[in-house]
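Analysis of the macromolecular model
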Amino acid sequence: MNKAILETFSQLNPIEWGLLGLFVFIFLLRFYYLVFFTGRTLFRSRKEVIANEVATQPISVIFTVRNEEENLRRILPQLLTIPNIKYEVVAVDDYSLDNTFSVIGAFKQKYSHFRISSLNEETRFSEKLAQNIALKAAKHDWILLFPVASEEAVRDWIVSFSANTGIKNRGVLLAYTGLKAKPGFFNLLCRLEMFAQQIKSAGFISNGIPLVYFEENVAFKKQAYFDLGGYGSKTKEPFANLELMINDFISKKQTGILFNEQSRLTKDIETGKDDYYNLLRRSIRIESYLPRWKQFALAFESLTSLLYLPLLIVTFVCLFDLWIILSVLAGVKILVHLIIMKINQNRLNERKIFISSLVYDLLMPYFKMFYRWHFKQQSRKQKWKGKV
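Reference entry: report on the structure contained in this document.

To continue, consider unusual backbone geometry. For Tyr95, which is not glycine, the phi dihedral falls at a positive 55°. One can find Tyr95 in the loop between β2 (87–94) and α5 (100–110). Even without being a glycine, Asn217 presents a positive backbone phi close to 60°. Summarising the element assignment, Asn217 is placed in the loop between α8 (185–206) and β7 (218–221).

Right under this line is the structure:
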């Protein structure tokens, strides 16, 4: 450390020392979160069984559909012909108005391990009712939720789940669901938000704060759902479904994180502004059902994320003579962030969001803070109108 910097430190007044100390404190917290939360997923997922082993447990793949005729014609031939695996597929038609039920009925005639049911009328919160029917119909102990908008369903995908169900004390298996890259700003935003939420979920699970933001491509023991008595009071929640139930029984020691290319699914859907906002709304509502201590942990992480960039700028301006030290700290954090994100994205085959994920991570917390406030204000107004 050169004399100029030492002299600068000696001339700092109490307020400047306080500013510097606050910045260093927040920097250390953010760096710790980056390495031991986001970075820890790199090591946690490597401990799981890789998808090339003989399946050890039968599994029930379930999904509910509404007006998914084209996707079903495309994906069911793949999903129903996975060789050398003991599994079944359970589909429930959620009052489709196209030929969805005819399509799944035709496949039912060809495949004995394909089971179907349907809702015969339009009802509120029908997706939860359809899921409940599928869970009751499933024969096997393990349930795997599958999105029919997936690009493909291959053997390695289901083997990666089935092989890991045999590990002692397993209760939940969490894999990654991506979104196919397409032209458009909101497609990019949705891909970034889905990536951010799932990496965050895996990091918190690895540190004993288990939670999930997505029900798709997640496997769990169905008895855990029925032990809770089904949806119950959560039936009327409009923005989330089985994520709510999984968060009630998930635990760190019983959760396997299968973040690898074999177990990844990619959804091929069109996305727009509403889809992006729905991702944010769902995460807000899911967090509102978590225990207070988990909400506090999430809020503390969000607060440090919000404080880091403004504190860096203010400290840089007010203590410009320390610009070398501040630049090195900020640079190291960015470098570590990029390394961790690159490894994660390569492992998940998540392409073309490398630099944008860094920018998103730095800037979007401020928009999310505003949107969270806005969404909660809207929710309060709707509740008030409902009481009138």
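Additional details are given in the paragraphs that follow.
Attention now goes to the side chain of Ser96. Relative to the helices and strands, Ser96 is located in the loop between β2 and α5. A relative accessible area of 15% places Ser96 in the buried class. In this structure the side chain of Ser96 is engaged in a polar contact, spanning 2.8 Å, whose partner is the backbone nitrogen of Asn67. Of the polar contacts made by the side chain of Ser96, one reaches the side chain of Asp93; its length is 2.4 Å. Setting aside its immediate chain neighbours within four residues, Ser96 contacts Val65, Arg66 and Asn67.

The subject of this paragraph is helix α11 (residues 273–288). With 16 residues, α11 extends 23 Å from end C-alpha to end C-alpha; this agrees with the ideal 22 Å at 1.5 Å per step. Taken together, the buried positions of α11 are Tyr276, Tyr277, Leu279, Leu280, Arg281, Arg282, Ser283, Ile284, Ile286 and Glu287.

Turning next to the environment of Phe367. As for its position among the elements, Phe367 is in helix α14 (residues 354–387). Aside from chain neighbours lying at most four places away, what touches Phe367 is Tyr276, Tyr277 and Leu280.

Evaluation of the coordinates by the stated rule reveals 17 salt bridges. Across the pair Glu69 and Arg73 runs a salt bridge whose closest N-O atoms are separated by 3.0 Å. One end of the pair, Glu69, and the other, Arg73, are both in helix α4 (residues 69–79), four residues apart, so they sit about a helical turn from each other. Here Glu69 falls in the buried class, since its relative accessible area comes to 14%. Looking at Arg73, the relative accessible area reads 45%, which means it is partly exposed. The shortest N-O distance in the salt bridge between Glu243 and Arg282 comes to 3.6 Å. With Glu243 in helix α10 (residues 242–249) and Arg282 in helix α11, this pair connects stretches of sequence that are 39 residues apart.

Attention now moves to the sheet that holds strand β4 (residues 142–145). Read from one edge of the open sheet, seven strands run β3-β2-β1-β4-β7-β5-β8, paired in mixed fashion. Since the sheet does not close on itself, it has two edges, and those belong to β3 (114–119) and β8 (255–258), each with one partner. Neighbour-to-neighbour, the strand axes of the sheet open up by a mean angle of 20°, direction not taken into account. Bridge count between β4 and β7: three bridges; the pairing is antiparallel. Each residue of the ladder has a partner; that of Leu144, found in β7, is Ala219. The strands touched by α4 within the sheet are β1 (59–65), β2 and β3, with β1 carrying the most contacts at an inclination of about 175°.

Our next topic: helix α13 (residues 323–347). Between the first and last C-alpha of α13 there are 36 Å, a value that for 25 residues agrees with the 36 Å anticipated at 1.5 Å per step. Taken as a whole, α13 has its buried residues at Leu326, Ala330, Lys333, His337, Leu338, Ile340, Met341, Asn344, Gln345 and Arg347. Asn349 sits one or two positions beyond α13 and adopts a positive phi of about 55°.

Conventions we followed
- Each chain carries its own residue numbering, running from 1 in the written order of its sequence.
- Only residues with pLDDT of at least 70 get local features here, since the model is predicted, and only at 80 or more are side-chain atom pairs given and counted; chain-wide, interface and lining totals rely on the full set of residues.
- To obtain the side-chain values, all non-hydrogen atoms of the structure were used and water was disregarded.
- Per the convention used, a helix needs a DSSP run of H or I reaching at least four residues, while a strand needs a run of E reaching at least two, with both numbered from the N terminus.
- Whether a residue is buried, partly exposed or exposed follows from its accessible area with a 1.4 Å probe, protein chains only, as a fraction of its type maximum: under 20%, in between, or over 50%, in that order.
- By the criterion applied in these results, polar contacts are pairs of N or O atoms within 3.5 Å in which, for protein atoms, one can donate a hydrogen and the other can accept it, and in which residues neighboring in sequence qualify only through two side-chain atoms.
- Residue contacts are counted whenever heavy atoms from the two residues lie within 4.5 Å of one another.
- Every helix has an expected span of 1.5 Å times one less than the residues it contains.
- Any Lys or Arg side-chain nitrogen found within 4 Å of a carboxyl oxygen on Asp or Glu counts as a salt bridge.
- In this description, strands pair whenever DSSP reports at least two bridges between them.
- Angles run from 0 to 180 degrees between N-to-C directions of axes, and those axes are lines fitted to C-alpha atoms, restricted for helices to the stretch in contact.

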